[in-house]
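Chain residues, written in single-letter form:
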Amino acid sequence: MTMRCLMNCFFGVPINAMAATRTSSLWGIPFTLNFNNNNHFSSNSRSLSYISNSTSSPAPRVGFLGIGIMGSPMAHNLLKAGVDLTLWNRTKSKCDPLISLGAKYLSSPEEVAASCDLTFAMLADPHSAIDVACGNHGAANGMAPGKGYVDVSTVDVDTSKLISERIKATGALFLEAPVSGSKKPAEDGQLIFLTAGDRNLYETVAPLLDIMGKSKFYLGDVGNGAAMKLVVNMIMGSMMASFSEGLLLSEKVGLDPKVLVEVVSQGAISAPMYSTKGPSMIQSVYPTAFPLKHQQKDLRLALGLAESVSQSTPIAAAANELYKVAKSHGLSDEDFSAVIEALKSKFQQS
Ligand SMILES: NC(=O)C1=CN([C@@H]2O[C@H](COP(=O)(O)OP(=O)(O)OC[C@H]3O[C@@H](n4cnc5c(N)ncnc54)[C@H](OP(=O)(O)O)[C@@H]3O)[C@@H](O)[C@H]2O)C=CC1
Ligand SMILES: O=CCCC(=O)O
């Protein structure tokens, strides 16, 4: 084991009074994790300290690539918890608020990966996830034994396997960990991680996932996390399309769609998504939490997944068409609830 790896294995200085303690391991070497409630930040913020064998040692250096709608609050929560954080984003200005709070910035994914023990990536789609991990000055160039790469982007199985192979070829470990939950759960540290890949890396990053999320699933081999995420988002995309039809139909037959939202919220098909998005959809406003272009990407990838095993998915296929229509009318960057616009007469083909 290299000295660098040993350093990585024994990081940490306790921050505040201990609220909970957990034993974990990094690269097979046990260490103890202390979680602290930190009232300086929001009530659900958690601080993290790593202690090993009562010897003070450097904190883990954590990188975060992709500071968009999701990456920004996730990185923010790590920062609030006292994590030593280094950022990269294609558009640097999006990192400025976090830099002003103490995050560092480096000018390429390669430099971030080279300077950090653990690197997270939250990119838009398969193309950007591959480019940031495997492209020129990509993270793989900075990876080495003793490091870990955690891709939390929503991508397809083949993309995740490709990135995994490239990262593991360097001797580093790889975990895919796409998330369920949108902008608000990301801000509140309430995401659900769907992980797969190196079990040791899962154990190592579990305390960091616990800062950003409320639960985590370990699903086995690389690809299972991506597949789970795509199935969940396939269901979600179809639900939203169906809800949109219901809202418009209720209005056209003279019902109050606000009452429909209330009725739905009290019955068996109640879902937080309907209660939170319904009122703004009725007003034709779509503040972006989950961009419509990403929902359509997920439906496209889910249909590919279904195709790969000859599973029939006609409902998702129809929903995908609706999102494509919405995109063609310039709604890509609106919230995915803007799919309702594609059903309005101004967008319907005569
Ligand atoms: N928003 C949501 O509710 C959720 C989103 N997701 C998934 O998380 C991922 C990120 O989503 P979200 O944060 O909403 O999306 P955003 O569009 O806000 O952020 C996308 C990120 O990817 C970067 N990016 C895009 N293209 C490239 C490229 N070619 N090269 C390098 N970087 C690139 C963007 O950089 P730049 O700032 O320069 O454009 C930005 O950092 C997606 O896979 C999405 O499906 C998962 C759960 C919920
Ligand atoms: O991928 C986006 C998921 C959004 C959500 O789970 O609310």
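Residues numbered from 1 in each chain as written. Chains lettered and ligands numbered in written order. Predicted model: local features only at pLDDT ≥ 70, side-chain atom pairs only at ≥ 80, totals over all residues.

By the naming in an unreviewed UniProt entry, the chain is Glyoxylate/succinic semialdehyde reductase, taken from Arachis hypogaea. Checking UniProt for the chain, the heading Function (unreviewed entry) contains the comment "Catalyzes the NADPH-dependent reduction of glyoxylate to glycolate as well as succinic semialdehyde (SSA) to gamma-hydroxybutyrate in vitro. May function in redox homeostasis and play a role in oxidative stress tolerance by detoxifying glyoxylate and SSA generated in glycolate metabolism and GABA metabolism, respectively." Under Sequence similarities (unreviewed entry), UniProt gives the following word-for-word description of the chain: "Belongs to the HIBADH-related family. NP60 subfamily." (UniProt positions renumbered as here; feature names shortened; annotations may be inferred.)

1. Brief notes about the overall build of the chain
The helix and strand inventory of the chain stands at 13 helices and 12 strands. The contacts in the chain between residues at least 6 apart in sequence include a share of 62% that link residues at least 24 apart. (Helix = DSSP H or I, 4+ residues; strand = E, 2+ residues; numbered from the N terminus. Contact = placed C-beta atoms within 7 Å.)

2. Describing the site of ligand 1
If you check the shell around ligand 1, you find 26 residues, and the closest are Gly68, Arg90, Thr91, Ser182 and Phe290. Tallying contributions element by element places helix H5 (residues 126-134) first for the shell around ligand 1, with three residues. For the shell around ligand 1, the class distribution of residues is 11 nonpolar, 10 polar and five charged. (Near = placed C-beta within 6 Å. Nonpolar A, V, L, I, M, F, W, Y, C, P; charged D, E, K, R; others polar.)

3. What to know about the nonpolar core
The nonpolar side chains of a soluble globular protein tend to be buried with one another. Ala75, Leu78, Leu85, Leu87, Ala121, Ala139 and Val339 are the most contacted members of the largest nonpolar core, which totals 88 residues. Top contributing element to this core by residue count: helix H9 (residues 224-252), with nine residues. The contact partners of Ala75, leaving out residues within four places of it in the chain, are Phe64, Ile67, Leu85, Leu87, Leu98 and Ala103. (Core = buried A, V, L, I, M, F, W, Y, C linked by C-beta atoms within 7 Å. Buried ≥ 20, exposed ≤ 12 C-beta atoms within 10 Å, placed from the backbone.)

4. Points about the environment of Gln296
Tracing the sequence through the fold places Gln296 in helix H12 (residues 292-308). Its 24 C-beta neighbours within 10 Å are what place Gln296 among the buried residues. For the pair Gln296 and Leu322, spaced 26 residues apart in sequence, the C-alpha to C-alpha distance is 8.9 Å. Once residues lying within four places of it in the same chain are set aside, the contact partners of Gln296 are Asn320, Tyr323, Lys324 and Lys327.

5. Focus on the site of ligand 2
What surrounds ligand 2 is the set Thr154, Ser180, Gly181, Ser182, Asn233 and Phe290. In terms of residue class, the shell around ligand 2 is made up of one nonpolar, five polar and no charged.

6. Examining the pairing of strand E11 (residues 191-197)
With six of seven residues buried, E11 is to be regarded as a mostly interior element. Bridging between strand E9 (residues 173-176) and E11 involves two bridges; their strand directions are antiparallel. Residue Glu176 lies in a different strand from E11, and its bridge partner there is Ala196. Pairing geometry for E11 and strand E12 (residues 213-218), over five bridges, is parallel. Paired with Phe193 across the strands is Lys216, a residue of E12. Read from E11 through helix H8 (residues 199-212) to E12, the crossover connection turns out right-handed. (Pairing = 2+ DSSP bridges. Right-handed = clockwise from strand over helix to strand, strands pointing away.)

7. Some thoughts on the pairing of strand E5 (residues 84-88)
For E5, the buried fraction is high: four of the five residues fall into the buried class. With five bridges joining them, strand E4 (residues 61-65) and E5 adopt parallel strand pairing. Considered in E5, the bridge of Gly63 is made with Thr86. Taking the sense of rotation as the criterion, the β-α-β connection linking E4, helix H2 (residues 71-80) and E5 turns out right-handed. Inspection of the sheet shows E5 paired to strand E6 (residues 104-105) by two bridges, in the parallel sense.

8. A few points about the UniProt feature "domain: 3-hydroxyisobutyrate dehydrogenase-like NAD-binding" (unreviewed entry) in the chain
If you check UniProt for "domain: 3-hydroxyisobutyrate dehydrogenase-like NAD-binding" (unreviewed entry), the listed places come out as residues 223-342 in our numbering. The span residues 223-342 carries 68% helix and 0% strand; its end-to-end C-alpha distance comes to 32 Å.

9. What to know about unusual backbone geometry
The phi torsion at His137 lies on the positive side, around 60°, for a residue other than glycine. With respect to the helices, strands and loops of the structure, His137 is situated in the loop between H5 and strand E8 (148-151). With a phi angle near 55°, Ser310 is a residue other than glycine that sits in the positive phi range. With respect to the secondary-structure elements, Ser310 resides in the loop between H12 and helix H13 (314-328).

10. Side note on the UniProt feature "domain: 6-phosphogluconate dehydrogenase NADP-binding" (unreviewed entry) in the chain
Residues annotated by UniProt as "domain: 6-phosphogluconate dehydrogenase NADP-binding" (unreviewed entry) correspond here to residues 61-220. Segment residues 61-220 splits into 39% helix and 24% strand. End C-alpha atoms: 26 Å apart.

11. Considering the packing of H9 against H13
Two elements in contact, H9 and H13, have axes whose closest approach is 9 Å; the angle formed by their N-to-C orientations is 65°. Regarding the angle of H9 to H13, the classification is roughly perpendicular. In terms of crossing hand, the pair formed by H9 and H13 is left-handed. From H9, Met234, Gly237, Ser238 and Ala241 reach across to H13, where they touch Ile315, Ala316, Ala319, Leu322 and Tyr323. (Axes fitted to C-alpha atoms, helices over the stretch in contact; angles between N-to-C directions. Parallel < 35°, antiparallel > 145°, perpendicular 65-115°, else oblique. Left-handed = near helix turned anticlockwise from the far one by under 90°.)

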